[in-house]
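Single-letter residue listing:
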Amino acid sequence: MTKDKSIAQLLRASCALTLACSILIIAAQAQNPERITSVEGITEYRLPNGLRVLLFPDPTKQTITVNITYLVGSRHENYGETGMAHLLEHLLFKGTEKHRNIPQELTERGTRPNGTTSYDRTNYFETFGATDDNLRWALELEADRMVNSFIARKDLDSEFSVVRNEYESGENSPINALIKRMMEASFAWHNYGKSTIGERSDIENVNIERLQAFYKRYYQPDNAVLMIAGKFDDAKTLELVKQYFGPTPKPARELPKLYTSEPAQDGERSVTVRRVGDIQSVGLTYHIPAGSHPDFAAIQTLGVILADTPSGRLHKALVETKKAVFVANFQFQTYDPGASLFYSVVPKDGSVDEARNVMLQTIDDLAKNPPTAEEVERARQKLLKGVEMALNNSDNIGLTMSEYIAMGDWRLYFLRRDRIKKVTPEEVRRVAAAYFKPSNRTVGLFIPTPSPDRAEIPPRPDVAAMLKDYKGEAPVAMGEEFDPSPANIDARTARSTAAGLKLALLPKKTRGGKVVARLTLRFGNEKDLTNRADAASLVGDMLMRGTSKHTREQIQDELDKLKARANVFGGATQANAIIETARENLPAVMKLVAEILRDPSFPAKEFELLKQDQMTGIENQRSEPTSIAFNAFSRHMSPYPKGHINYVKTVDEEIADLKTVTLDDVKKFYSDFYGADHGELAVVGDFDDKEIAKLSGELFGGWKSSRPFARIPQVYHDVEPINKSFETPDKANAFFLAGVNLNLRDDDPDYPALLIGNYMLGGGILNSRLAVRIRQKDGLSYGVGSSFIASALDKRGSFLANAIYAPQNAAKLEAAFKEELARALKDGFTADEVEKAKSGWLKSRKVSRAQDNELVSVLTIGLYYNRTLAWDAEMEKKVEAVTPEQILAAMRKHIDPAKITIIKAGDFAKAAQKQVNN
């Protein structure tokens, strides 16, 4: 019984049924959220003010995700307003009268929050521990900032430069720049041709009054959809939603009707981007219907058939012939008709013209060689696997639903799945002929056509009519409520050994029978691994490319049929396998993973493709500020001798060494080192622990490395500090690194104090000292923070800070970093800061343990360290006991500003020249 029904009953009992009393009863009942529909475990309600509410209960999670989607994005921006929706996303973290420091609140609650902006929507979300208090706080926060955010001039003055810095970060990417220009060329009139982040001039000159008007127009309950997913009580949650969102009235304004539609394209369009870079790329875009259109399922299927790795036609035509190192496709699944985009990455010494011609020929060839039934079935399985796996994760489903809400209705997610299930080869052939035609694409050339063959894009369908009475399929089976405390995890985890492997098995009932596993095999020693790092890396990357029983393509097909994600990879001292699947498929997936590890075929063709791919990736690092800075920093801070497995190479050394590695070198490394006599396996989720323990012994028993294993210790290096800058011409964004090596392990008495000290200095969510100063106040960086780590086995730790920024702000950013570090080391942190930081840090740990994908990694590394979660519990107690005085003493002892190394990379010469010219 809801609160309002109780009020109505009281009114009946105490009043004669006069006309006035009847009106009061009706008014009380009318405030209840109206139940609209329910599909597969998600139920929609609507408040009188127009707010739509989606509840998705999942008692198996110890977390709740609150996601609110506003139906406003870059599509709604007018002339001079590009980037306004995205800028508002940033400003809604600046506070209200009730919530003056939102980043601090998010940090204190241990949440995982963010906000994102797209063409058709903006959303805000936070995932947090499942408590009534946390849920009440999150709903009150979102209800308050819906209509009461400051959107103040002073916040805009600092934040616009942060957004500009984010803009410049995207401009550094050759692929991003090409896609942006292609979309501009593809859409002559519709706003989908404008980048969501906006144009620099609009970002820099935005008018605060227009921004406030934009906010008041679109940030209203009748233009929003609130989704709550996770562990909560439905009735209590609806009461809270009504309590916090109900008082906001439905606005009197009418939202503007957007009527611009992109006309049919009447010939190929061309765009060429010329910039500094180390890779080449070719792209194609085709206009396609809205994401809600019935044709979209077949278009997505065709995209997989063409661009999937390794089965796609474009992969076979481009990558396997070495004309490109990578191909991809994605569809802009939008409210109005959007675009399907293909692109390929071409080596620096490759031919862009040849790659373009092959891409065009492969797509145009669909008319003569339409997709086969086998290709369609493979693509359908891959797409359906993604849908099913997403439904098993209530943390992310709310974020996924934002896209479908923006398309017109959240139920489109399930309707899309239904349509994919029914896609036929004939439908795929039809959409290929209808939309993927020369006159409907944007590419690198313009060719006059005497008889235009236009692709007429159908209008957006009537979503309400299409989804009338839609019920969907049966909801996914629920799992159990699980307490993610260290004590309960240890109590539920069975630890043992099997065939040399240490096992940690934690069976529990999960949504959809989900189970995750992580396997680590360790091998080698310092002497035997000398000068063999390149072969080791290539072995790891070759494992998924074929066995004696399955080709690379067949491995992917098997994983799709088993509705599983699995990644097997290796490095210099270990091999890893990560698995996510359902209970009934786990044994089969483990057998396939064991085959990949124990029976790789090392195909010569795949080896050459891999080398080419890696060569291109290394070349791309030459002019990238982040890569240059990290390489220089790592080489200075970790001065291992050349040939040592931990030696950090220059780009030239990496390329030269990679060229000399042969397939025989790779096979020899595998035969010398791979085995299962030293390793760990952890499994979390819905599975039979006795069956999996037995199967582990059967799959890996008797497989031993031919070389002895000895852990390679991490060495503390007391290096002299340096402060160096590296030029990266024509890069709009620069990168800053600062750090120092620390001589301690994670059992050092100072470790807990340093953890919280760093959390306050550069951790948290936009609420650290560095973030408040450099991003919030000075507006110098979109991304700034610091980290602190210490080994569990060796006295080797580090403190590291980093930031992206505009090159002209290099001196300001470095000064701000030094000032904030000096302030922390001089004055320390207040008792209030420390208590809030400890609370946020501890809550974030609980949220992390509630994620099975993260918990399985904790259990795996715990096996290696011979630690249970009792160690984690003890560490958390130590953190709770830390005082401000202990934090200050520990930071002063271990972090000496005079010993900090600083590395900067950016186009500082151009910035200096601009200052001279100005």
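Keep in mind that what you see is a predicted model, and the values were worked out from it rather than measured.

A. Seen up close, the overall build of the protein chain. If you tally the helices and strands in the protein chain, you get 35 helices and 23 strands. Over its C-alpha trace the protein chain gives a radius of gyration of 29 Å, about what one expects of a compact globule, namely 29 Å for 918 residues. Along the longest, intermediate and shortest principal axes, the C-alpha atoms of the protein chain span 95 × 80 × 70 Å. A buried classification covers 58% of the 918 residues belonging to the protein chain. Taking the contacts inside the protein chain whose residues are at least 6 apart along the sequence as the reference set, 82% of them involve residues at least 24 apart. For the protein chain, the exposed surface amounts to about 37,200 Å²; the carbon and sulfur share of it is 52%. Here the protein chain carries 122 positive and 123 negative side-chain charges, and the mean point of each set is 1 Å from the other.

B. Structural context of the sheet that holds strand S5 (residues 112–117). On the basis of which strands lie adjacent, the open sheet formed by seven strands has the order S1-S2-S3-S7-S4-S6-S5 and mixed pairing. Edge positions in the sheet fall to strand S1 (34–39) and S5, since each has one partner strand and no second. Averaged over all adjacent pairs, the angle separating strand axes in this sheet is 15°, with direction ignored. The sheet strands contacting helix H5 (residues 132–148) are strand S4 (63–70), strand S6 (122–129) and strand S7 (224–230), and the helix crosses S6 at an angle near 160°.

C. Representation of the pattern of salt bridges within the structure. Inspection of the entire model under this criterion finds 86 salt bridges. For Lys382, the salt bridge goes to Asp560, with nearest N and O atoms at 3.1 Å. On the criterion of sequence distance, the pair formed by Lys382 in helix H14 (residues 373–391) and Asp560 in helix H21 (residues 552–561) is long-range, its members being 178 residues apart. Judged by its relative accessible area of 18%, Lys382 falls in the buried class. We note a salt bridge from Glu473 to Lys421, for which the minimum N-O separation is 2.5 Å. Of the two residues, Glu473 sits in the loop between helix H18 (463–466) and helix H19 (486–492) while Lys421 sits in helix H16 (residues 412–422), which places them 52 residues apart along the sequence. Note on Lys421: relative accessible area 36%, which makes it partly exposed.

D. Broad picture of the nonpolar core. Core analysis: the largest hydrophobic core is formed by 60 residues, its most contacted members being Leu597, Phe669, Tyr674, Val683 and Phe700. Element by element, the count of residues in this core is highest for helix H22 (residues 586–598), at eight residues. The residues touching Val683, leaving out its near neighbours within four places in the chain, are Ala504, Leu505, Leu506, Val515, Val516, Ala517, Leu586, Ile692 and Val856. Counting 52 residues, the second largest nonpolar core, distinct from the first, contains Ala85, Tyr124, Leu156 and Val241.

E. Expanded view of empty space enclosed by the protein. This structure, assessed with the given rule, holds eight cavities of 30 Å³ or more. When its volume is computed, the largest cavity comes out at roughly 90 Å³. Taken together, Asp58, Thr60, Lys61, Asn392, Lys508, Thr510, Arg511, Lys514, Ala850 and Asp852 form the lining of the largest cavity. Residue composition of the lining of the largest cavity, by class: one nonpolar, three polar and six charged.

F. Examining helix H34 (residues 884–894) more closely. Of the positions making up H34, those classed as buried are Ile887, Leu888, Ala890, Met891 and His894. Angular distribution of buried residues about the axis of H34 spans 165°; they occupy a single face of the element. Those residues of H34 that are exposed and angled more than 90 degrees off the buried face are Glu885 and Lys893. Taken together, the buried residues of H34 touch strand S20 (734–742), helix H28 (751–762), helix H30 (810–827) and helix H31 (831–849).

G. Broad picture of the pairing of strand S9 (residues 280–288). Most of S9 sits inside the fold, with seven of its nine residues counted as buried. By the bridge criterion, nine bridges tie S9 to strand S11 (residues 338–346) in an arrangement that is antiparallel. Bridge assignment links Thr285 to a residue of S11, and that residue is Leu341. Pairing of S9 with strand S12 (residues 441–443) involves two bridges; the strand directions are antiparallel.

H. Highlighting the packing of helix H11 (residues 296–307) against helix H17 (residues 425–435). With their axes 9 Å apart at the nearest point, H11 and H17 run at an angle of 90° to one another. Classified by the angle their axes make, H11 and H17 are roughly perpendicular. Between H11, through Ala298, Ile299, Thr301, Leu302 and Ile305, and H17, the contact on the second element is made entirely by Glu427, Val428, Val431, Ala432 and Tyr435. The residue inventory of the contact of H11 with H17, partitioned by class, reads eight nonpolar, one polar and one charged.

I. How the structure looks around helix H3 (residues 84–91). With eight of eight residues buried, H3 lies mostly within the body of the structure. Within H3, burial applies to Met84, Ala85, His86, Leu87, Leu88, Glu89, His90 and Leu91. On its buried face, H3 sits against S5, S6, helix H6 (153–171), helix H9 (208–218) and helix H29 (769–777).

J. Inspection of unusual backbone geometry at higher detail. The step from Thr309 to Pro310 runs through a cis peptide bond, and the omega angle for that step is 15°. Within the secondary structure, Pro310 is located in the loop between H11 and helix H12 (313–319). Non-glycine residue Lys563 carries a positive phi angle of around 50°. Mapped onto the elements of the fold, Lys563 is located in the loop between H21 and strand S16 (565–570). In this structure Lys563 comes out as partly exposed when scored by relative accessible area, which is 35%. For Phe602, which is not a glycine, the phi torsion comes out positive at approximately 50°. Tracing the chain through its elements places Phe602 in the loop between H22 and helix H23 (604–620).

K. Spotlight on the side chain of Lys731. Position of Lys731 relative to the elements: it lies in the loop between strand S19 (723–727) and S20. Among buried charged residues, Lys731 stands out as having no salt bridge; its nearest opposite-charge side chain is Glu624, 4.6 Å away. The residues contacting Lys731, other than those within four sequence positions of it, are Asn172, Val276, Ser623, Pro625, Pro807 and Asp907.

L. Quick look at the packing of aromatic side chains. Applying the stated criterion across every chain, the model contains 29 aromatic pairs. Taking the centre distance of 5.2 Å and the plane angle of 65° together, the rings of Phe330 and Phe332 count as edge-to-face. Judged by relative accessible area, Phe330 falls into the partly exposed class, the value being 30%. Every member of this aromatic cluster is reached through a ring pair, and the members are Phe523, Phe602, Phe669, Tyr670, Phe673 and Tyr674. A cation over a ring is seen here: Lys508 above Phe482, with NZ or CZ 4.1 Å from the ring centre.

M. Here's a closer look at the sheet that holds S19. Spatially, the five strands line up as an open sheet ordered S19-S23-S20-S22-S21, and their pairing is mixed. This sheet does not close on itself; its edge strands, each paired only once, are S19 and strand S21 (784–790). Between one strand axis and the next, the sheet turns by 15° as a mean value, whatever way the strands run. Pairing geometry for S20 and strand S22 (residues 797–805), over nine bridges, is antiparallel. Paired with Ala734 across the strands is Tyr805, a residue of S22. Where helix H24 (residues 625–637) meets the sheet, its contacts fall on S19, S20, S22 and strand S23 (901–906), and the angle it forms with S20 comes to roughly 20°.

N. The confidence of the model for the protein chain, seen in detail. Across the protein chain, the average pLDDT comes to 92, with 95% of residues at 70 or higher. In the predicted structure, residues 1–30 sits below a pLDDT of 50 and forms 23 contacts with residues beyond four places in sequence or in another chain. In the predicted structure, residues 444–450 sits below a pLDDT of 50 and forms nine contacts with residues beyond four places in sequence or in another chain.

O. Representation of the side chain of Arg849 in the model. Residue placement: Arg849 occurs in helix H31. Polar contacts involving the side chain of Arg849 include one to the main-chain carbonyl oxygen of Pro484, which spans 2.8 Å. For Arg849, the residues in contact, after removing those within four places along its chain, are Pro484, Ser485, Pro486, Ile489, Leu855, Leu869 and Glu876.

Conventions used here
Numbering of residues starts from 1 in every chain and runs along the sequence as written. At least 70 in pLDDT is required for a residue's local features to be given in this predicted model, at least 80 for side-chain atom pairs to be given and counted, and no such filter applies to totals for whole chains, interfaces and linings, which use all residues. The side-chain numbers reported here are obtained from all heavy atoms of the structure, hydrogens and water having been left aside. Each helix corresponds to a stretch of at least 4 residues labelled H or I by DSSP, and each strand to a stretch of at least 2 residues labelled E; elements are numbered beginning at the N terminus. Our radius of gyration is a C-alpha quantity, and the globule rule it is checked against amounts to 2.2 Å times the number of residues to the power 0.38. The cut-offs for exposure are 20% and 50% of the maximum accessible area for each residue type, with area from a 1.4 Å probe on protein chains only; residues under the lower value are buried, those over the upper are exposed, and the others partly exposed. Throughout, a contact is declared for two residues whenever any of their heavy atoms are within 4.5 Å. Residue burial considers only the protein chains on display, and all accessible areas are found by Shrake-Rupley using a 1.4 Å probe. Charged residues are defined narrowly, with Lys and Arg counted positive, Asp and Glu counted negative, and His plus the chain ends left uncounted. Positions of charges follow a simple convention, taking NZ of Lys, CZ of Arg, CG of Asp or CD of Glu. When DSSP finds at least two bridges between two strands, those strands are taken to pair. To obtain each axis, a line is fitted to C-alpha atoms, and for helices this fit is confined to the stretch in contact; angles are then taken between N-to-C directions over 0 to 180 degrees. The term salt bridge refers to a side-chain nitrogen of Lys or Arg lying within 4 Å of a carboxyl oxygen of Asp or Glu. Residues grouped as a nonpolar core are buried Ala, Val, Leu, Ile, Met, Phe, Trp, Tyr and Cys residues, joined through side-chain atoms within 4.5 Å. Here a cavity means grid points, on a 1 Å grid over the protein atoms only, where a 1.4 Å probe fits yet cannot get out; a pocket means an open set of points with protein on both sides within 12 Å along at least five of seven lines; lining residues are those with an atom within 4 Å of a point. Grid points are joined across faces, edges and corners, and a volume is the space filled by probe spheres set on the points. Lys, Arg, Asp and Glu make up the charged group, whereas Ala, Val, Leu, Ile, Met, Phe, Trp, Tyr, Cys and Pro make up the nonpolar group; the residues left over, Gly among them, are polar. For this quantity, the arc is that covered by the directions from the helix axis to the C-beta atoms. Orientation labels follow simple angle bins: below 35 degrees gives roughly parallel, above 145 gives roughly antiparallel, 65 to 115 gives roughly perpendicular, and whatever is left gives oblique. Two aromatic rings, drawn from Phe, Tyr or Trp (for Trp, its six-membered ring), form a pair once their centres lie within 6.5 Å of each other, and the interplanar angle then sorts them: stacked below 30 degrees, edge-to-face above 60, tilted otherwise. In this scheme, the term charge over a ring applies when either NZ of a lysine or CZ of an arginine sits within 6 Å of the ring centre and within 35 degrees of the ring normal. Every residue carries a pLDDT, the predictor's confidence in it, which falls somewhere between 0 and 100. Here a polar contact is recorded for every N or O atom pair within 3.5 Å, except that within protein the pair must consist of a potential hydrogen donor and a potential acceptor, and residues adjacent in sequence are included only if both atoms are side-chain atoms.

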